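# Secondary and tertiary structure notes
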Amino acid sequence: MQSSEISPLIPETVKFSKANLRTMLLKYGMIYVKPEHGTYGNGVMKVEQSKDSHGTEYKYQSGTKIKTFGAYDTFYSSLKKATRGRSYLIQRGIVLLKHGKHRFDIRVMVQLSPRGKWETTGLIGRVAEKGKIVTNYHNGGTLMSMEKLLSPYLNDAQQAQMLKILRKLGEDTGRFYHKKYPGFKQIGVDVGLDNHMTPWIIEVNTSPDPYIFKHLSNKSMYRKVMAYRRANEKKKSAN
Ligand SMILES: Nc1ncnc2c1ncn2[C@@H]1O[C@H](COP(=O)(O)OP(=O)(O)O)[C@@H](O)[C@H]1O
Ligand SMILES: [Mg+2]
């Protein structure tokens, strides 16, 4: 958020509080409420507010369970209880593109190359399990090639352009992150695409799983990711 280049790509994100929840729901209608220090999509909730002639309805989904409320106070108490006293964030919800009926997002793997440059070494799609609001592989998600996911939306030239944008986004994020935290040699950026094909940074992971790339039939990405990882580990032990 401190980078003028990167911050416009991050959906508005604020601390969880009763006042912030109300403001963000009014502003966006759909938001994500998630643990500040979470993994595997655990504890992530999708929250929505909708209006009709009968009044306002609030609902939230955690896992595959959806709860609906007619009053803000009971809705807030239930949601607050679901955070179980942990530190939570509220983020503008991105309406992710779908593969068939399932939402998907993208993991961009970015590593410091053996020559000391930040390089995007892997791009892979993650498709949510039926009825789920998270795409994480460790939460039932399915890994899929970018081509398979983007083909229904973009022609070959547009796909190539999109991959270029995503690679640059990863590399910009890596370089900026490294300035602040020089110890990190690899990051995994979770990127969501909306129906305007705008890429949004949902999260930056500092210990991304390299093995997800083994699931692609083309193993060239996996081999590169592992080679860069080994080179960085060697350097670390040499220092
Ligand atoms: N703001 C958001 N808009 C749309 N989907 C989101 C948003 N935040 C999270 N998600 C979904 O939930 C998943 C898990 O959220 P994330 O912030 O990456 O937490 P974790 O650290 O548990 O992976 C994301 O990969 C994405 O599928
Ligand atoms: Mg994530």
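Residues numbered from 1 in each chain as written. Chains lettered and ligands numbered in written order. Predicted model: local features only at pLDDT ≥ 70, side-chain atom pairs only at ≥ 80, totals over all residues. Heavy atoms only, no water.

## Notes on the packing of aromatic side chains
Inspection of the entire model under this criterion finds 11 aromatic pairs. Taken together, the ring pairs connect Y58, Y60, F69, Y72 and F75 into an aromatic cluster. It is R22 that lies over the ring of Y72; its NZ or CZ is 4.1 Å from the centre. (Phe/Tyr/Trp six-rings, centres within 6.5 Å; stacked < 30°, edge-to-face > 60°. Lys NZ or Arg CZ within 6 Å of the ring centre and 35° of its normal.)

## Thoughts on the coordination of the magnesium ion (ligand 2)
Within the protein, the magnesium ion (ligand 2) binds to D190 (OD) and E203 (OE); these donor distances fall in the range 2.1 Å. With D190 in strand β11 (residues 186–193) and E203 in strand β12 (residues 199–205), this residue pair connects regions lying 13 residues apart in the sequence. (Donors = N, O, S within 2.8 Å, 3.2 Å for Na, K, Ca; no water. Helix = DSSP H or I, 4+ residues; strand = E, 2+ residues; numbered from the N terminus.)

## Examining the site of ligand 1
Surrounding ligand 1, one finds 21 residues, the nearest of these being K34, G41, D105, N136 and E203. In this structure, an oxygen atom belonging to ligand 1 sits 2.7 Å away from a side-chain N or O atom of D105. Contact with the protein chains removes 97% of the 540 Å² of surface that ligand 1 exposes when unbound. Only β2 (30–35), β6 (88–92) and β12 provide two or more residues apiece to the shell around ligand 1. For the shell around ligand 1, the residue count by class is eight nonpolar, seven polar and six charged. Split by domain, the shell around ligand 1 shows at least three residues from each of two domains, domain 1 (7–92) and domain 2 (98–238). (Near = heavy atom within 4 Å. Polar contact = N/O pair within 3.5 Å; in protein donor to acceptor, adjacent residues only side chain to side chain. Areas by Shrake-Rupley, 256 points an atom, 1.4 Å probe, with all protein chains shown as cover. Nonpolar A, V, L, I, M, F, W, Y, C, P; charged D, E, K, R; others polar. Domains from an automatic or database assignment.)

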